[in-house]
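Overview (structure and organization)
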Amino acid sequence: MYKILKMEGRAKRAHMETVHGNIETPVFMNVGTAAAIKGAVSTEDLQQIGTQVELSNTYHLHVRPGDEVVKKMGGLHKFMVWDKPILTDSGGFQVFSLAGLRKIKEEGVYFHSHVDGRKIFMGPEESMQIQSNLASTIAMAFDECPSSVAERRYVQNSVDRTARWLQRCKNKMQELNQREDTINKHQLLFGINQGAIYEDIRIDHAKRISEMDLDGYAVGGLAVGESHEEMYHILDEVVPYLPKEKPTYLMGVGTPANILEGVERGIDFFDCVYPSRNGRHGHVYTNHGKMNLFNQKYELDPRPIEEGCQCPACRHYSRAYIRHLLKAKEMLGMRLCVLHNLYFYNNMMTEIRTALDEGSFASYKREKLAGFEEYDKK
């Protein structure tokens, strides 16, 4: 069940009930592609830094260790020791990211594994079966993510095929949820809106998939090469055509500023590798902008990454020490930066929900964006 608690313009504060616990939205999902956050972060850490939803990837877990292995281990929740909701991406994004290793046909996509080169086939039914084996809380429909610079005819054909695939996903999900050996018989299905930066194709697709009465809807194929302004414009045009009584998910986005802009446009779910990827390279987020801890000026800096931050890194360690760890290539430095960044994102979402509850999101967003620009000005 998805219940809207408060609206401020199109920004909405909502509550979603799932078989693995409630999700308070807007929410940022912490990305653990292969059932682990890169940077030596455990699920126990995720509990401590306020994570609500963990996201894993269907294709990567199918390749290694194999979704049948995960099923035999009792599903992804038991396998990785995580008792809160999990969303699994369908593998559709790999249709885009592994362009040199795949061939798209009506029945599905033929891949060559990025690990060992073996041939893999994945279509809507295979993606649903794999995600059912993983037993995630929310499964994403199998789609193609066309490039933002693809020509119009290609994008239209791709979107039409994605719409046909979505019906096949829905049919297969209904069948799987009724099987006796299915671990999670209440698995939810989110459909994905595509269309690159062609607003009319996007809107038409949004109308078509909205009629399918799915558990949620995602906007995919953004943050893949287009400008931020183009992304915001597409959201302005498309989100009004997605069901307001269902959660809306902006896939693979993004920076803290992107998230604030997305919330204002009615987005509920976000995910991005930025906090963990940047953290592994010593780039940390603060309320005053992004810092590079490799910089010489932090060599003797006794302060935490951010004053007042309650993350595991800031409660105990100085910028100088974390910089030393990074320079010495000690894994602890990477781990502390990733923990800080994920905490920062999770905490920002808590602040956003509070601002929406209090009817002060517009002023919160304005102040937050002004703060992010401080380091840029320096």
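The sections below set out a description of the structure shown in this document. (Residues numbered from 1 in each chain as written. Predicted model: local features only at pLDDT ≥ 70, side-chain atom pairs only at ≥ 80, totals over all residues. Heavy atoms only, no water.)

Some thoughts on helix H9 (residues 228–238)
In an α-helix, one turn spans 3.6 residues, which is why side chains three or four residues apart end up on the same side. The line we're drawing: Buried, partly exposed and exposed residues are distinguished by accessible area as a fraction of the type maximum, computed with a 1.4 Å probe on protein chains only: under 20%, between the cut-offs, and over 50%, respectively. What counts as a helix is a DSSP run of H or I of at least four residues, what counts as a strand is a run of E of at least two, and both are numbered from the N terminus. This arc is taken over the directions from the axis of the helix to the C-beta atoms. In what follows, residue pairs with any heavy atoms lying within 4.5 Å of each other are defined as contacts.
By the burial criterion, the buried members of H9 are Met231, Tyr232, Ile234, Leu235 and Val238. Along the long axis of H9, the arc covered by the buried residues comes to 160°, so they all point the same way. Taken together, the buried residues of H9 touch strand S11 (188–193), helix H8 (199–210), strand S12 (216–219), strand S13 (248–250) and helix H10 (256–264).

Focus on the pairing of strand S15 (residues 283–286)
So the rule is basically this: The criterion for strand pairing is that DSSP finds at least two bridges linking the strands in question.
Here four bridges tie S15 to strand S16 (residues 289–292), and the two strands are oriented antiparallel to one another. Paired with Tyr285 across the strands is Lys290, a residue of S16. Where S15 folds back onto S16 in an antiparallel hairpin, the turn is made up of two residues.

A look at the packing of aromatic side chains
Formally: Between rings of Phe, Tyr and Trp, where Trp is taken as its six-membered ring, a pair exists when centres lie within 6.5 Å; planes separated by under 30 degrees are stacked, by over 60 edge-to-face, and by other angles tilted.
Applying the stated criterion across every chain, the model contains eleven aromatic pairs. Taking the centre distance of 5.9 Å and the plane angle of 80° together, the rings of Phe190 and Phe269 count as edge-to-face. Of this pair, Phe190 sits in strand S11 while Phe269 sits in strand S14 (residues 269–271), and the two are 79 residues apart along the sequence. No difference in accessibility class separates Phe190 from Phe269, as the two residues are buried. Members of the aromatic cluster, each reached through a chain of ring pairs, are Phe28, Tyr285, Phe344, Tyr345 and Phe372.

Digging into the sheet that holds strand S1 (residues 2–8)
Our working rule: Here the axes come from fitting lines to C-alpha atoms, over the contacting stretch only for helices, and the angles between their N-to-C directions go from 0 to 180 degrees.
Ordered by their spatial adjacency, three strands build an open sheet running S1-S2-S3, and the pairing between neighbours is antiparallel. Pairing within the sheet leaves two strands with one partner each, and these edge strands are S1 and strand S3 (21–25). Put simply, the sheet's adjacent strands are angled 10° from each other on average, direction ignored. By the bridge criterion, six bridges tie S1 to strand S2 (residues 11–18) in an arrangement that is antiparallel. Paired with Lys6 across the strands is Arg13, a residue of S2. Packing of helix H13 (residues 331–358) onto the sheet brings it into contact with S1, S2 and S3, and relative to S2 it is tilted by some 115°.

Overview of the layout of surface pockets
Heads up, the rule is: Cavity and pocket criteria rest on a 1 Å grid covering protein atoms alone: a 1.4 Å probe that fits but cannot get out defines a cavity, protein on both sides within 12 Å along at least 5 of 7 lines defines an open pocket, and an atom within 4 Å of a point defines a lining residue. Grid points are joined across faces, edges and corners, and a volume is the space filled by probe spheres set on the points. Gly is put with the polar residues, along with every residue not named as nonpolar or charged; the nonpolar set is Ala, Val, Leu, Ile, Met, Phe, Trp, Tyr, Cys and Pro, and the charged set is Asp, Glu, Lys and Arg.
Reported here for the largest pocket is a volume of approximately 1,100 Å³. Contributing elements (two or more residues each) for the lining of the largest pocket: strand S5 (54–57), helix H2 (58–63), helix H5 (93–97), H9 and helix H11 (274–280). With four residues, the single largest contributor to the lining of the largest pocket is H11. Classifying every residue of the lining of the largest pocket by side-chain character gives 18 nonpolar, 17 polar and eight charged.

Structural notes on the nonpolar core
Rule in force here: Side-chain atoms within 4.5 Å are what join buried Ala, Val, Leu, Ile, Met, Phe, Trp, Tyr and Cys residues into a set we call a nonpolar core.
By size, the foremost hydrophobic cluster in this structure holds 85 residues, and its most contacted members are Ile259, Leu293, Ile352 and Phe361. In this structure Leu293 touches Gly282, Val284, Tyr298, Ile305, Arg319, Ile322, Arg323, Leu326 and Cys337, once residues within four positions along its chain are discounted. Among the nonpolar cores identified, the runner-up in size contains 19 residues, and Ile23, Val31, Ala218 and Met251 belong to it.

Comments concerning the packing of H8 against H9
Convention followed: Angle categories are assigned with fixed cut-offs, so that under 35 degrees is roughly parallel, over 145 is roughly antiparallel, 65 to 115 is roughly perpendicular, and the rest are oblique. Each crossing gets its hand from how the near helix is turned against the far one by less than a right angle, where anticlockwise is left-handed and clockwise is right-handed.
Put simply, H8 and H9 touch, their axes get as near as 9 Å, and they point 40° apart. Judged on the interaxial angle alone, H9 and H8 are oblique. For H8 against H9, the interelement crossing comes out right-handed. Seen from H8, the contacting residues are Glu199, Arg202, Ile203 and Ala206; seen from H9, they are His233, Ile234, Glu237 and Val238. Residue composition of the contact of H8 with H9, by class: four nonpolar, one polar and three charged.

Some points on unusual backbone geometry
With an omega of 5°, the peptide bond between Thr25 and Pro26 qualifies as cis. You can see Pro26 is positioned in the loop between S3 and strand S4 (27–31). The omega torsion of the bond from Arg64 to Pro65 falls at 10°, within 30 degrees of zero and hence cis. Structurally, the position occupied by Pro65 is in the loop between H2 and helix H3 (67–72). Located in the positive-phi region is Ala35, a residue other than glycine, with phi close to 70°. Considering the arrangement of structural elements, one finds Ala35 in the loop between S4 and helix H1 (43–48).

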